[in-house]
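# A structural walkthrough
Each chain, written out:
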Amino acid sequence: MPNMGAPTPGMRVLCRDAEWLVTRVDPSDHNHQNYAVHCVGADDLVRGHEAIFLTQLDTIEPVDPRNTQLVQDQSSGYRMAKLFLEAQLRQMPATGVEPDLEGMGVFKPMKFQIQTVEWALRQLRPRLLLADAVGLGKTIQVGMVLSELMRRGRANRVLVLAKKSMLTQFQSELWNRFGFPLVRLDSAGIAKLRLRIPANKNPFEVYQRVIISIDTLKNVGSYRHFLENTRWDCVVIDEAHNVAGASVPERHLAYRLARLLSRRTDSILLTTATPHNGKRETFGRLISLLDPSAIPDPDFRYRQR
């Protein structure tokens, strides 16, 4: 380790060719000569990943802010500087409890859509079923909720699942109306990504906001190890009635995928125009994705009132 004292929380350091933010430092011996440095990833390769480094084993170099080089903004109208400042402002969590509709996106909000956002913000962990009819703007409601959660620092890692035929439309709607970027992945894209990253790196931790086809991920066995070790701030499942499970839900791959993801996310948004197909069991499984304790009957044969 270079000549430096004990690392301190808040310090940025370089270790194993990546940049980290120190969160905690503990002595690793009785003489306080070596330390266990708890870090969280700060660059694109390890962002959000937590690690512990031992100073007697790893070379930890401090990132000295005095070495920062100032670069003159030569863009027209200082466009790059304005974009940088806007990005920094967006990273400052909002503190209000009311949604900020001014400048949220390119759309005309309706009263019921605003009520959806207000209801989501009142929940500690928003888990909603958006069951409006076709054409009433469920994607806009999703964008509104995601925008407000993002302003509060609660939608940094987002996974969207949709049918293959709907991927382009869903991705386009969120980008064109809300400026909410989603990286589209498929099985070939995931395979190429794994060739570019270290073998022990989780491919689902490389990008913060991803949209993937349900058919790509529903074979949980291929990606189970990665999915079980990935946490999301919010998971969105479009056409959620497709993951409600069939007569034998344990064999229904899409249901197994949805159940796994529902346990690995803080917030979940399910959109469907047909939430109930007349069968109590499938509707009960859909509700259990939002709240496993909502229906105590393990067979989901709940009693209707």
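Whatever comes next refers back to the structure up there.
Predicted model only: the values in this text are computed from it and were never measured.

Procedures and definitions
- Residues numbered from 1 in each chain as written.
- Predicted model: local features only at pLDDT ≥ 70, side-chain atom pairs only at ≥ 80, totals over all residues.
- Heavy atoms only, no water.
- Helix = DSSP H or I, 4+ residues; strand = E, 2+ residues; numbered from the N terminus.
- Contact = heavy atoms within 4.5 Å.
- Areas by Shrake-Rupley, 256 points an atom, 1.4 Å probe, with all protein chains shown as cover.
- Lys, Arg positive; Asp, Glu negative; His and termini not counted.
- Charge placed at Lys NZ, Arg CZ, Asp CG, Glu CD.
- Expected span 1.5 Å × (residues − 1).
- Buried < 20%, exposed > 50% of the residue type's maximum accessible area, 1.4 Å probe, protein only.
- Pairing = 2+ DSSP bridges.
- Axes fitted to C-alpha atoms, helices over the stretch in contact; angles between N-to-C directions.

This part is about the overall build of the protein. Helix and strand content of the protein: nine helices and 11 strands. Once local pairs closer than 6 in sequence are excluded, the contacts in the protein between residues at least 24 apart make up 64%. Total accessible area computed for the protein in this model is approximately 18200 Å², and 51% of it derives from carbon and sulfur atoms. Averaging the coordinates of the 41 positive side-chain charges in the protein and doing the same for the 32 negative ones gives two points 7 Å apart.

This part takes up helix α3 (residues 138-151). A rise of 1.5 Å per residue sets the reference length of α3, with its 14 residues, at 20 Å; its end C-alpha atoms lie 20 Å apart and thus fit the reference within 8%. In terms of burial, α3 is a largely internal element, 12 of the 14 residues being buried. Listed in full, the buried residues belonging to α3 are Lys138, Ile140, Gln141, Val142, Gly143, Met144, Val145, Leu146, Ser147, Glu148, Leu149 and Met150. Looking one or two places after α3, you find Gly153, whose phi comes out positive at around 70 degrees.

Position of Gln113 among the secondary structure elements: in helix α2 (residues 111-122). The contacts of Gln113, once residues within four sequence positions are left out, are Lys108, Leu136, Gly137, Ile140, Gln141 and Met144.

Moving on to unusual backbone geometry. Of note, the phi angle at Arg16 is positive, near 55 degrees, even though the residue is not glycine. One can find Arg16 in the loop between β1 (12-15) and β2 (18-27). The phi torsion at Tyr78 lies on the positive side, around 55 degrees, for a residue other than glycine. In this fold, Tyr78 is placed in the loop between β5 (61-62) and α1 (79-90). By relative accessible area, Tyr78 is classed as exposed at 55%.

Read from one edge of the open sheet, five strands run β4-β3-β2-β1-β5, paired in antiparallel fashion. Lying at the two open borders of the sheet, with one neighbouring strand each, are β4 (50-54) and β5.

Turning our eyes to something else, we now look at the side chain of Thr116. The residue Thr116 is located in helix α2 in this model. Given a relative accessible area of 13%, Thr116 falls into the buried group. When sequence neighbours within four positions are dropped, the list of residues in contact with Thr116 reads Leu128, Leu130, Gln141 and Val145.

The next subject is the sheet that holds strand β9 (residues 209-213). In spatial order, the strands read β6-β11-β10-β7-β9-β8; together these six strands make up an open sheet with parallel pairing. Edge strands, defined here as strands with exactly one partner in the open sheet, are β6 (127-130) and β8 (183-185). Sheet twist, expressed as the average angle between the axes of neighbouring strands with direction ignored, equals 15 degrees. Where β8 lies against β9, three bridges are found, and the strand directions are parallel. Residue pairing in the sheet places Leu185 in a bridge with Ile212 of β9.

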